[in-house]
Amino acid sequence: MMSVAFTKESDAESVAADLPDRPVPAHANLVTAAGLAAIDAELAAARAAYAEAQAGDAISADRSAMARATRDLRYWSSRRASAQLVEGRPADGSAGFGSVITFEREDGRRQTYAIVGDDEADPHGGSVSYVSPLARAMTGKQVGEMATLAGADVEIVAIA
């Protein structure tokens, strides 16, 4: 007779091994040079994790590690294959992909964000995806122009 604890552990391992693919955005995979380097690093790490999961007896010991490694390898391979490097920023000085925009809110707070690709976006770190509402509101605007964010007007005070 099989112990109940063993059955539950085995079931949990089986579920972990059937991880769904990471969602890949349908829009173009625009990347900055730093974003492309980050994708390359993630792809190398995924290849290493896959090789480690395949080595020795790791597959039978931890099916979930193999599933994670396989999923990440598929994702980063796909992102690298579809990456479209965009160097620089709009030539006319307007806000757009690759720009760093500083804007001032009505209460006087200033915020600065870089407009980058999906995989390199980190709002807490000061970067947003080019398809984010913030980037869409800013794209095409010049210093001194107003944009609307979450129903509030903000003024663009710098674009670098």
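Residues numbered from 1 in each chain as written. Predicted model: local features only at pLDDT ≥ 70, side-chain atom pairs only at ≥ 80, totals over all residues. Heavy atoms only, no water.

(A) Looking closely at the packing of aromatic side chains. Applying the stated rule across the entire model yields three aromatic pairs. Ring geometry for Y75 and W76: centres 4.8 Å apart, planes at 85 degrees, overall edge-to-face. The class for Y75 is buried, based on a relative accessible area of 7%. The exposure class of W76 is buried, given its relative accessible area of 8%. For the ring pair F97 and Y130, a centre distance of 5.7 Å and an interplane angle of 75 degrees mean the geometry is edge-to-face. Separated by 33 residues along the polypeptide, F97 in the loop between strand 2 (83-85) and strand 3 (100-105) and Y130 in the loop between strand 5 (127-129) and helix 5 (133-138) bring together distant segments of the chain. Given the relative accessible area of 17%, Y130 is considered buried. Cation over ring: R22 sits above Y75, and NZ or CZ is 4.1 Å from the ring centre. (Phe/Tyr/Trp six-rings, centres within 6.5 Å; stacked < 30°, edge-to-face > 60°. Buried < 20%, exposed > 50% of the residue type's maximum accessible area, 1.4 Å probe, protein only. Helix = DSSP H or I, 4+ residues; strand = E, 2+ residues; numbered from the N terminus. Lys NZ or Arg CZ within 6 Å of the ring centre and 35° of its normal.)

(B) Here's a closer look at the sheet that holds strand 5. Read from one edge of the open sheet, five strands run 5-4-3-7-6, paired in mixed fashion. For this open sheet the edge positions go to strand 5 and strand 6 (146-149), each flanked by a neighbour on one side alone. Put simply, the sheet's adjacent strands are angled 45 degrees from each other on average, direction ignored. Of the pairings in the sheet, the one linking strand 3 to strand 7 (residues 152-159) comprises five bridges and is antiparallel in character. Each residue of the ladder has a partner; that of T102, found in strand 7, is A158. (Pairing = 2+ DSSP bridges. Axes fitted to C-alpha atoms, helices over the stretch in contact; angles between N-to-C directions.)

(C) Just the nonpolar core, in detail. By size, the foremost hydrophobic cluster in this structure holds 18 residues, and its most contacted members are I101, F103, L134, M138 and L149. Broken down by secondary-structure element, the contributors of at least two residues to this core are strand 3, strand 4 (110-116), helix 5, strand 6 and strand 7. For this core, the element with the highest residue contribution is helix 5, accounting for four residues. Counting residues in each nonpolar core, the second largest holds nine residues, with V31, I39, W76 and A83 among its members. (Core = buried A, V, L, I, M, F, W, Y, C linked by side-chain atoms within 4.5 Å.)

(D) Structural detail: the pairing of strand 4. Taken across its seven residues, strand 4 has five buried, putting it largely inside the fold. Here strand 3 runs beside strand 4; their pairing, made up of five bridges, is antiparallel. When the sheet's bridge partners are listed, I101 is paired in strand 4 with Y113. Hairpin remark: strand 3 followed by strand 4, antiparallel, with four residues in the connecting loop; positive phi at G108, about 95 degrees. Of the strand pairs in this sheet, strand 4 and strand 5 are connected by three bridges, and their pairing is parallel. The partner of I115 across the bridge, within strand 5, is V128.

(E) Structural detail: the confidence of the model for the protein chain. With 84% of its residues at a pLDDT of 70 or more, the protein chain shows a mean pLDDT of 87. Segment residues 1-16: pLDDT under 50, and six contacts once partners within four positions in sequence are set aside and those in other chains are kept. (pLDDT = per-residue confidence, 0-100. Contact = heavy atoms within 4.5 Å.)

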